[in-house]
Amino acid sequence: MGQRFLITGGAGFIGSHLTELLLERGDAVTILDDLSTGRMENLAAVRDHPNLQIIRDSVENQATVNLAMASCDAVYHLAAAVGVQLIVDQPVRTIRSIIHGTEVVLESAQRFGRPVLITSSSESTARACACRSARMMMWSSARPIPAGGAMPTQGHR
Ligand SMILES: NC(=O)c1ccc[n+]([C@@H]2O[C@H](COP(=O)([O-])OP(=O)(O)OC[C@H]3O[C@@H](n4cnc5c(N)ncnc54)[C@H](O)[C@@H]3O)[C@@H](O)[C@H]2O)c1
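So, here's what we can say about the structure. (Residues numbered from 1 in each chain as written. Predicted model: local features only at pLDDT ≥ 70, side-chain atom pairs only at ≥ 80, totals over all residues. Heavy atoms only, no water.)

1. Regarding the overall build of the protein chain
A tally of regular secondary structure across the protein chain gives 6 helices and 6 strands. Listing each helix as α and each strand as β along the protein chain from the N terminus yields β-α-β-β-α-β-α-α-β-α-α-β. In the protein chain, which comprises 157 residues, the proportion classed as buried is 38%. A total of about 8800 Å² of accessible surface is found on the protein chain, and carbon and sulfur atoms cover 54% of it. (Helix = DSSP H or I, 4+ residues; strand = E, 2+ residues; numbered from the N terminus. Buried < 20%, exposed > 50% of the residue type's maximum accessible area, 1.4 Å probe, protein only. Areas by Shrake-Rupley, 256 points an atom, 1.4 Å probe, with all protein chains shown as cover.)

2. What to know about helix α4 (residues 91-112)
For α4, which comprises 22 residues, the first-to-last C-alpha distance of 32 Å matches the rise-based estimate of 32 Å (1.5 Å per residue) to within 8%. Tucked inside the fold, the buried residues of α4 contact β1 (4-8), α2 (62-70), β4 (74-77), α3 (84-89) and β5 (115-118). Remark: Gly113 follows α4 within two positions and exhibits a positive phi of approximately 70°. (Expected span 1.5 Å × (residues − 1). Contact = heavy atoms within 4.5 Å.)

3. What to know about unusual backbone geometry
Phi at Leu35 takes a positive value of approximately 55°, unusual for a residue other than glycine. Along the chain, the position of Leu35 falls in the loop between β2 (28-33) and β3 (52-56).

4. A word on the side chain of Thr94
Note that Thr94 resides in helix α4. From its side chain, Thr94 meets the backbone oxygen of Pro91 in a polar contact 3.2 Å long. In this structure, Thr94 is in contact with Ala81, Leu86 and Ile87, ignoring residues within four places of it in sequence. (Polar contact = N/O pair within 3.5 Å; in protein donor to acceptor, adjacent residues only side chain to side chain.)

5. Description of the site of the ligand
Close contacts around the ligand come from 21 residues, with Phe13, Ile14, Asp33, Gly38 and Val59 the closest. One nitrogen or oxygen atom from the main chain of Ser36 is found 3.1 Å from an oxygen atom belonging to the ligand. Backbone polar atom of Gly38 to an oxygen atom of the ligand: 2.9 Å apart, as the coordinates give it. For the ligand, the protein covers 84% of the area, taking 830 Å² as the surface of the free molecule. Along the lines of polarity and charge, the residues of the shell around the ligand split into 10 nonpolar, 8 polar and 3 charged. (Near = heavy atom within 4 Å. Nonpolar A, V, L, I, M, F, W, Y, C, P; charged D, E, K, R; others polar.)

In short, geometric facts, not functional conclusions.
Shown next, in the form of structure tokens:
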């Protein structure tokens with residue numbers, strides 16, 4: 001048995017593919033997603049997998065995040081309000097949810113001593129230059145990531 005990963009936003013585009021990859025290599029995955037822009041259809045291939053747990057809730061809910069955090073080894077924080085139109089329509093609400101949600105996840109990760117990977121990039125950057133977007137991915141950690149650490153995307157910065 002591998003590790004258990006918490007993937008926030010796991011029903012989204014990147015999170016669902018990452019979930020498939022981790023399950024395939026023998027890890028267990030807990031997804032925390034409010035399904036605001038993500039879809040269960042994205043998880044159709046793995047939905048009934050015995051090592052997959054899906055929690056439908058917001059990363060702004062501290063109690064839920066703490067519960068999921070306690071039983072995982074590491075976190076991919078991908079939950080975010082994504083989409084130019086969504087942010088133009090509801091700028092304050094969306095930005096607040098991204099910032100507050102990330103704050104809750106990082107505080108919880110620090111409390112439980114879990115390493116966290118956050119992807120952060122504007123859509124315009126991603127569309128303009130895929131290479132630059134990949135370089136902008138960065139590691140963040142509530143504690144140092146061990147050398148040869150276990151996350152499969154290690155090395156992408
Ligand atoms: N797709 C890209 O090309 C790309 C490029 C660079 C960076 N990113 C970043 O990667 C992350 C994931 O992107 P994506 O393309 O998979 O987006 P996505 O919209 O497909 O996935 C985001 C997921 O987060 C969920 N979510 C939103 N708010 C939430 C909340 N408060 N609580 C719980 N879940 C919530 C949504 O329901 C959705 O499933 C985002 O931070 C995005 O900015 C994506």
